Amino acid sequence: MDESALFKLTHGLYVLGAAEKGGRLCGSVVDAVMQVANKPLVIALSCHNNSYTKSVIEQSGVFSLSVLCKNVAPFVVANFGFQSSRNVNKWDNVDYELKDGLPYLKQNLAEIRAKVLQRIVYDSNTLFLAEVIDSRNTDCGEPLTYNNYRDYFKNDVIKSFNDYKQQKEKEKEMAENTEKKWVCTVCEYVYDGDVPFEELPDDYVCPVCGVGKDMFEQR
Ligand code: FE
């Protein structure tokens, strides 16, 4: 059997959205979505079983889809595809709109809201059959296909994710450094020497007002 034969089945890329009971939003990138009936209007959606968004949809029974266009920022795909909603609020990193409690990308080609009718669980994936209860066609361009992603988009997506991670690390480092600032409570002098404040000799005095180490506090 040649599984690459399945690559010849065309499908798009979509950002899936769902909301936890308390309102916290989650989401992921999915490629396996298609219309499977006209009456009622039913779509099929397949999610990996380890997807956090999948587990939220099992609870809430509704989800949103934003259809991605060819000119979508690579980071949107990286943001929703390369990290888990378990530990990141992915929607905080993009422009989105909340409609009836579900999130949609502001820049999308079309929006679909669907209510789960049936669920089929396989070893690797869960298939949802869901009725479309609202939809909007924004017609802003061409849909991005999974083949586009594989052919030319993937490298940009990976690069954007690496840039994002580096930026996050830098922010974390800066936050840690700011936490470690020692400030003179008398004159507000901020210690910025190379030697960690804790390792300064006991007779260190504030270079501005002359008080001792015990008058400094961490802020
Ligand atoms: Fe001082």
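Whatever comes next refers back to the structure up there.
We now turn to the structure provided with this report. Everything numeric in this text was worked out from a predicted model, so none of it was measured.

As a further point, take the nonpolar core. Ranked by size, the top nonpolar core spans 23 residues in total, and within it Leu68, Val76 and Leu105 carry the most contacts. Those elements that provide at least two residues to this core are strand 1 (14–19), helix 2 (74–81), strand 7 (102–105) and helix 3 (146–179). Membership of the second largest hydrophobic core comes to 21 residues, among which are Tyr14, Phe63, Val67 and Ala114.

Let's shift gears to the layout of surface pockets. Empty space among the atoms can be located by rolling a probe the size of a water molecule over them. There is about 950 Å³ of room inside the largest pocket. If you trace the largest pocket, you find 37 residues lining it, with Val29, Val30, Asp31, Ala32 and His48 closest to the centre. Mapped onto the lining of the largest pocket, the elements with two or more residues apiece are strand 2 (25–30), strand 3 (33–37), strand 4 (42–48), helix 1 (52–60), helix 2, strand 9 (125–137) and helix 3. If one sorts the elements of the lining of the largest pocket by residue count, strand 4 sits on top with five residues. A per-class count over the lining of the largest pocket returns 19 nonpolar, 15 polar and three charged. In this structure, the second largest pocket spans a volume of roughly 220 Å³. In this structure, the second largest pocket is lined by 13 residues; those nearest its centre are Asn177, Lys180, Lys181, Pro196 and Phe197. Of the residues that constitute the lining of the second largest pocket, the class distribution is five nonpolar, three polar and five charged.

Analysis parameters
- Residues numbered from 1 in each chain as written.
- Predicted model: local features only at pLDDT ≥ 70, side-chain atom pairs only at ≥ 80, totals over all residues.
- Heavy atoms only, no water.
- Core = buried A, V, L, I, M, F, W, Y, C linked by side-chain atoms within 4.5 Å.
- Buried < 20%, exposed > 50% of the residue type's maximum accessible area, 1.4 Å probe, protein only.
- Helix = DSSP H or I, 4+ residues; strand = E, 2+ residues; numbered from the N terminus.
- 1 Å grid on protein atoms, 1.4 Å probe; cavity = no way out; pocket = protein on both sides within 12 Å on 5 of 7 lines; lining within 4 Å.
- Points joined across faces, edges and corners; volume = space filled by probe spheres on them.
- Nonpolar A, V, L, I, M, F, W, Y, C, P; charged D, E, K, R; others polar.

None of this, on its own, says anything about what the molecule does.
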